[in-house]
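# Structure at a glance
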Amino acid sequence: MSGANCAIVIASIMLLGGYLRLRRSWRIALSLLTLLGFTILVTPEPSVLRSAVMATLTLVSIGAGRPGRGLPTLLVVVIALLVSDPWLARNYGFALSVLATAGLLLLAGPLARVLAQWMPSALAAIIAIPLAAQLACQPVLILLNPSLPLYGVPANILAGPAAPIATVVGLIACMMLPLLPGVAAGLLAVAWLPSAWIAAVAQTVSMLPGTRLPWPGGAPGVLLLVVVTVLTLVVVLRGRAATPARWPAAVLVVLLIGLGGYAGSLIGTGIGRVVSFPPDWQIAACDIGQGDAVVVRDGDQYGLVDVGPDPKLLSACLGTLGVSRINLLVLTHYDLDHIGGVDAVIGRVDTALVGVPENAQDVSLHERLAAGGAAVRQAARGDSGTLGGLTWNILWPIRGATTMQVGNPGSVTIMFDGRGIRSIFLGDLGQEAQDGLRRASSPGRVDVVKVAHHGSADQSPELYAELRARVGLISVGVKNTYGHPTEKLLNILASVGTLSVRTDREGIAVVAPGPGGTLVLWTEKVADRGSPANPTPAAESVGGAG
């Protein structure tokens with residue numbers, strides 16, 4: 001809940017009270033009571049407290065005949081809340097709520113006046129409001145995600161008109177639920193429409209190319225962004241004042257050089273990516289943190305082995321790779337780090353290969369995939385098919401076996417072969433299951449292995465010795481608490497001549513067939529979860545089969 005939600009609720013009550021000819025004191029009392037109920041309904045989180053306390057203070061001051069000004073009221077509320085609970089100073093939600101409000105109070109008006117010189121005043125105000133909030137909040141947002149949202153302001157403009165409708169109708173529906181549940185259900189259906197519009201805007205914008213621009217993370221990134229923002233505002237706002245100050249030309253020169261260098265680095269990186277990215281790539285391990293999501297491709301046919309823990313991260317990876325349709329989805333097992341991102345692909349899957357469901361939640365996942373148009377099939381050893389010019393075979397688990405059917409030991413293990421690359425994906429198999437796989441379905445030599453269980457110590461040296469892969473893809477999160485990948489696993493790979501490629505260090509990793517039976521390995525680490533902000537694409541050749 002933000003100050004805008006409070007304002008919508010209070011304005012609705014005040015207008016209703018005026019329509020009913022209630023005295024101002026009664027309207028204020030009714031607004032305070034409604035605000036209390038609204039706060040309880042949405043739960044008193046730190047940002048909610050800031051909004052509610054500020055709205056309460058504003059209403060009380062209006063009732064006393066001495067309406068206060070916005071900025072002093074905000075400062076009083078912030079000081080009071082921090083004195084009552086100093087830990088709020090460490091809460092991102094509270095900080096963003098305060099900064100957004102301060103941005104609206106300090107910047108929205110001046111920005112609207114500047115924009116009004118080139119466009120109608122109403123349109124200028126519509127743009128200035130989200131722009132002011134974005135500028136004020138962005139330094140803190142850099143700490144959460146070291147990148148700049150390219151479409152943040154347009155997205156807020158598109159979604160903004162739906163918020164008041166969803167808020168008011170949703171609140172009325174919640175109030176009527178105990179008394180008239182049928183009517184409330186109808187109102188909730190009405191409230192769903194603007195809510196769905198907001199969600200659709202967010203999802204669409206997140207899928208656009210270049211939705212986030214890289215920026216340095218941590219304290220240096222925050223300081224740099226604050227300096228750039230302040231200098232830009234000084235030039236724009238003071239430059240349009242009635243009596244503009246004579247700011248040194250050096251300010252403009254510094255801004256132009258800095259922004260030009262930043263734009264040049266983005267363009268240069270894009271050119272470098274286009275030049276070095278292998279057009280005939282076949283395997284791409286997404287950088288989605290502690291989880292698995294690996295794309296297999298032949299031409300315009302795409303397979304996806306697991307979907308990682310987060311649909312947003314998976315969507316970003318699929319967008320980078322230009323994947324819009326998944327012809328073959330393989331869910332190796334039902335741990336969250338392998339199925340948590342499934343919302344990113346529901347409705348975009350042709351065939352889904354799944355393991356034995358363990359509970360009703362797993363069955364529900366199958367039903368959701370089927371409802372989205374996927375043909376859901378339970379996979380086991382002996383199943384096979386094609387993906388473009390590639391053949392695939394399921395090596396594990398064994399259908400009807402009494403053990404190792406579910407969980408990590410029952411991970412669906414698939415092999416792809418064709419176009420110069422033979423690859424195997426081991427899910428989260430442990431050593432016992434890996435040895436069982438080797439005995440039941442000896443895989444033989446491969447070129448690429450998706451290392452089991454993010455590089456845990458529970459591995460079979462014998463299996464990796466048999467595979468003797470040239471590249472071992474390890475999908476693992478930065479500074480994960482599991483110690484993955486372990487020294488044991490890295491030593492196993494090194495002992496058989498397998499090159500370890502880790503997503504926590506190299507980022508997204510792409511493998512393509514090279515000349516003379518070699519493999520082309522391309523990696524790129526971009527800004528995410530505290531990693532360096534500059535994309536670093538790199539390509540190398542991995543030797544041919546011995």
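Residues numbered from 1 in each chain as written. Predicted model: local features only at pLDDT ≥ 70, side-chain atom pairs only at ≥ 80, totals over all residues. Heavy atoms only, no water.

## A word on the overall build of the chain
Along its length, the chain carries 18 helices and 18 strands. Per-residue burial over the chain gives 44% buried out of 546 residues. In the chain, the proportion of contacts linking residues at least 24 apart, taken out of those at least 6 apart, comes to 61%. In the structure as shown, the chain presents an accessible area of about 26,000 Å², 66% of it carried by carbon and sulfur atoms. (Helix = DSSP H or I, 4+ residues; strand = E, 2+ residues; numbered from the N terminus. Buried < 20%, exposed > 50% of the residue type's maximum accessible area, 1.4 Å probe, protein only. Contact = heavy atoms within 4.5 Å. Areas by Shrake-Rupley, 256 points an atom, 1.4 Å probe, with all protein chains shown as cover.)

## Observations regarding the sheet that holds strand 10 (residues 390-396)
Pairing is mixed in the open sheet, where 7 strands are placed in the order 9-10-11-12-13-14-15. Two strands in the sheet have a free side with no partner beyond their single neighbour: strand 9 (384-387) and strand 15 (499-502). Neighbour-to-neighbour, the strand axes of the sheet open up by a mean angle of 20 degrees, direction not taken into account. Across 5 bridges, strand 11 (residues 413-418) lies against strand 12 (residues 421-425) in antiparallel orientation. Paired with F416 across the bridge in strand 12 is S423. Set on the sheet, helix 15 (residues 431-440) makes contact with strand 10 and strand 11; between it and strand 10 the angle comes to about 120 degrees. (Pairing = 2+ DSSP bridges. Axes fitted to C-alpha atoms, helices over the stretch in contact; angles between N-to-C directions.)

## Points about the state of the cysteines
Evaluation of the coordinates by the stated rule reveals 1 disulfide. Here C286 engages in a disulfide with C317; their sulfurs sit 2.0 Å apart. Note on the C286 and C317 pair: the S-S dihedral is about -80 degrees, so by sign convention the disulfide is left-handed. Separated by 31 residues along the polypeptide, C286 in the loop between strand 3 (283-285) and strand 4 (294-298) and C317 in helix 12 (residues 311-321) bring together distant segments of the chain. Judged by relative accessible area, C317 falls into the buried class, the value being 7%. (Disulfide = S-S within 2.5 Å.)

## Comments concerning the packing of aromatic side chains
Within a pair of aromatic rings, the relevant descriptors are the distance that separates the centres and the angle that separates the planes. One pass over the full model with this rule turns up 2 aromatic pairs. Geometrically, the ring pair formed by W281 and Y302 is tilted, given 6.3 Å between the ring centres and 40 degrees between the ring planes. Within this pair, whereas W281 is found in the loop between helix 11 (249-276) and strand 3, its partner Y302 is found in strand 5 (residues 301-305), the two being separated by 21 residues in sequence. The burial state of W281 is the same as that of Y302; both residues are buried. Judged by centre distance (5.8 Å) and plane angle (90 degrees), the ring pair of F416 and F425 falls under edge-to-face. For F416, a relative accessible area of 1% puts it in the buried group. (Phe/Tyr/Trp six-rings, centres within 6.5 Å; stacked < 30°, edge-to-face > 60°.)

## Things to note about unusual backbone geometry
Of the consecutive residues W396 and P397, the connecting peptide bond is found in the cis state with omega at 5 degrees. With respect to the helices, strands and loops of the structure, P397 is situated in the loop between strand 10 and strand 11. In the segment running from H484 into P485, the intervening peptide bond is cis, with an omega of -10 degrees. If you trace the backbone, P485 turns up in the loop between strand 14 (471-474) and helix 17 (487-495). Although it is not a glycine, M404 adopts a positive phi angle of roughly 55 degrees. If you trace the backbone, M404 turns up in the loop between strand 10 and strand 11.

## Examining the pairing of strand 9
By the bridge criterion, 4 bridges tie strand 9 to strand 10 in an arrangement that is antiparallel. Each bridged residue has a counterpart across the sheet, and for T386 the counterpart in strand 10 is T391. Turn length for the strand 9-strand 10 hairpin, with the two strands adjacent in sequence and antiparallel, is 2 residues, and the turn residue G388 shows positive phi of about 65 degrees.

## Describing the pattern of salt bridges
Counting across every chain of the model gives 9 salt bridges. A salt bridge links K450 to D292; its shortest N-O distance comes to 2.6 Å. Taken together, the residues span a long stretch of sequence, with K450 in strand 13 (residues 448-450) and D292 in the loop between strand 3 and strand 4 at a distance of 158 residues. Of the residues examined, K450 reaches a relative accessible area of 4% and is grouped as buried. The class of D292 is buried, set by a relative accessible area of 1%. The salt bridge involving D435 is made with R438; its shortest N-O contact spans 3.7 Å. Here the residue D435 and the residue R438 both occupy positions in helix 15, the gap between them amounting to 3 residues, near one helical turn. (Salt bridge = Lys/Arg side-chain N within 4 Å of Asp/Glu carboxyl O.)

## Brief notes about the nonpolar core
Counting 33 residues, the largest nonpolar core has W281, V295, L321, L329 and V345 as the members making the most contacts within it. The biggest single contributor to this core is helix 12, with 4 residues. Discounting chain neighbours no more than four positions away, the residues touching L321 are F277, W281, A284, C286, V295 and I508. Among the nonpolar cores identified, the runner-up in size contains 26 residues, and A285, A379, L473 and L519 belong to it. (Core = buried A, V, L, I, M, F, W, Y, C linked by side-chain atoms within 4.5 Å.)

## With respect to the packing of helix 4 (residues 70-84) against helix 5 (residues 92-115)
A pair of packed helices can be characterised by two numbers: the angle between their axes and the separation between those axes. At a closest axis distance of 10 Å, the pairing of helix 4 and helix 5 adopts a crossing angle of 165 degrees. Regarding the angle of helix 4 to helix 5, the classification is roughly antiparallel. Crossing geometry of helix 4 relative to helix 5 is assigned as left-handed. Residues G70, L71, L74, V78, L81 and L82 of helix 4 pack against F94, V98, T101, A102, L105 and L106 of helix 5. (Parallel < 35°, antiparallel > 145°, perpendicular 65-115°, else oblique. Left-handed = near helix turned anticlockwise from the far one by under 90°.)

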